[in-house]
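Structural features, examined
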Amino acid sequence: MSNQDNKMQLPTEGDISGRDLGNEELTLLHEVLKTGILWSVRGKYVHRFEEEFSARYGMKYAYACTSGSAAVHLAIAAIDPNPGDEVITTSITDMGALTTIMYQGAIPIFCDVDPDSYNVTAETIEKRITNRTKAVIVTHLFGIPCEMKPIVELCKARNIPLIEDCAQALDATYEGKVVGTFGNISTFSFQQGKHMTTGEGGMVMTNDPELARRMFLFINKAWGYGDPNPDHYFLALNYRMNEVTAAVGIAQLAKLSGVVKRRRATAARFIEKISNIPGVKPQKAPKNSSPVYWKFCVNIDESTAKTSLNDIAKSMKENGIFAAPRYIGKPSFECKVLRDKVTMGNSSWPFTDLSRKGLPPVDYDRKNFPGTTKALSQVLVIPWNEFYTDAHVDYIADNLRKAIMGGKKL
Ligand SMILES: Cc1ncc(COP(=O)(O)O)c(C=O)c1O
């Protein structure tokens, strides 16, 4: 408790109170600095990080990069759509997972989500498939896996590459298998607030040698390192992770199981504690899944709770719990960049690509996204952390209960 106002201080991902950073990272950082080699082209630590990461998930190839956004960019670049082709993705996600589609000349086509899990489903994806669909991206939102079986079946049947965005879901499992091993490519983020962090950073994984080769090249300005007659083979960027970042990543990866275990244990306690609060239900997860609780989301049914979502969030905030109503506030397609198609110069490319002449405009109309609208109207996002104690969990649960039972009535 803080002395002045009886508010409990919760560990936060924003600083060392909620980040598992210590001697393990320092030892490796020291080692790296002593080598004097800070770039991966000549160093060993990025390669070691990639090897340990792919080994952990039993995948053939993993490549480290500079962010989760870069990881999504790599995945799209590996699939190599033509300008104006379509990539189906979710209406609730981070903008970094969307702008990279457009940088590759493709168009984000949004599909609706299940209102209680906030995740895309095979049904919502299928409705958006056209003969221009070049990839599907699924995002395991807040650490809850998507219902993967029908999604994998759909993508296989239609021969569409499947990308899993695991930025929020490291180590989550579905039917006993870890997410990131279902699709053709998976992507990860190690930004400050993720289950493991390097401040900024990312990773891609695949079992496909051709996709792996293209991602390796895209990270390296498409320079054919190691080839007999190397050249810059195609348009690409420098997305290389550096050795210092990888040193932190290696230490963080070793701690990941512990982080996930602690988050699951405190989440289980929280689920039990909030089970009889009227109008409150945890984010829905598939039956045979084991989520990893990047955040803990609850659906608030305002009419049963008889309190508004905003009032609940306000009351929790006043008690030091930074609960956010509605997550991103509005569907991604209503953000200015997409709504007004603010892309390159005044071209609105790739939306205006000539190959799309005669096609109907992309559907960014909220009324065709009832699941998304409902999800965003009812979700309360509660920060979650591996350093929460039982006392922290009880404090959050008690405050949620108080905000509803003792709150201002609708
Ligand atoms: C689902 C998802 N995808 C992609 C990203 C982009 O990752 P980064 O911020 O590391 O670029 C994020 C970031 O939070 C994310 O949550």
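Our subject in this report is the structure included herewith. (Residues numbered from 1 in each chain as written. Predicted model: local features only at pLDDT ≥ 70, side-chain atom pairs only at ≥ 80, totals over all residues. Heavy atoms only, no water.)

1. So, the pattern of salt bridges
Side chains that carry opposite charge are capable of pairing whenever their charged atoms lie near each other. Under the criterion given, the structure shown has 26 salt bridges. Between Asp20 and Arg262 there is a salt bridge, with its nearest N and O atoms 3.5 Å apart. Here Arg262 lies in helix 8 (residues 243-273) and Asp20 lies in the segment before helix 1 (23-35), a separation of 242 residues in the sequence. You can call Asp20 partly exposed: its relative accessible area is 21%. We note a salt bridge from Lys255 to Glu24, for which the minimum N-O separation is 3.0 Å. Within this pair, whereas Lys255 is found in helix 8, its partner Glu24 is found in helix 1, the two being separated by 231 residues in sequence. Under the relative-accessibility criterion, Glu24 is labelled partly exposed at 44%. (Salt bridge = Lys/Arg side-chain N within 4 Å of Asp/Glu carboxyl O. Helix = DSSP H or I, 4+ residues; strand = E, 2+ residues; numbered from the N terminus. Buried < 20%, exposed > 50% of the residue type's maximum accessible area, 1.4 Å probe, protein only.)

2. Here we look at the pairing of strand 5 (residues 162-165)
Neither face of strand 5 is open: one carries Leu162 and Glu164, the other Ile163 and Asp165, and all of them are buried. Pairing of strand 4 (residues 133-139) with strand 5 involves four bridges; the strand directions are parallel. For Val138, the partnering residue across the bridge sits in strand 5 and is Glu164. Relative to strand 8 (residues 185-189), strand 5 is paired through three bridges, and the arrangement is parallel. Paired with Ile163 across the bridge in strand 8 is Ile185. (Pairing = 2+ DSSP bridges.)

3. Observations concerning the side chain of Asp394
Residue position: Asp394 is located in helix 13 (residues 390-405). Contacts of Asp394, omitting those with residues within four sequence positions, involve Arg269 and Lys273. (Contact = heavy atoms within 4.5 Å.)

4. Comments concerning the site of the ligand
Taken together, 13 residues sit near the ligand, with Gly68, Ser69, Asp165, Ser189 and Lys194 positioned nearest. Contact distances for the ligand include 2.6 Å between a nitrogen atom and a side-chain N or O atom of Asp165. In isolation the ligand offers 390 Å² of accessible surface; the protein chains occlude 91% of this area. Taken together, the residues that form the shell around the ligand break down as two nonpolar, eight polar and three charged. (Near = heavy atom within 4 Å. Polar contact = N/O pair within 3.5 Å; in protein donor to acceptor, adjacent residues only side chain to side chain. Areas by Shrake-Rupley, 256 points an atom, 1.4 Å probe, with all protein chains shown as cover. Nonpolar A, V, L, I, M, F, W, Y, C, P; charged D, E, K, R; others polar.)

5. Quick look at unusual backbone geometry
Omega for the bond connecting Trp349 with Pro350 falls within 30 degrees of zero, at 10 degrees, which places this linkage in the cis form. Its identity as a non-glycine residue notwithstanding, Phe142 has a phi of 60 degrees, on the positive side. Among the secondary structure elements, Phe142 is positioned in the loop between strand 4 and helix 6 (148-157). A relative accessible area of 1% places Phe142 in the buried class. Although it is not a glycine, Asp171 sits at a positive phi angle of roughly 80 degrees. Along the chain, the position of Asp171 falls in the loop between strand 5 and strand 6 (173-174). Take Asp171: its relative accessible area is 13%, and that puts it in the buried class.

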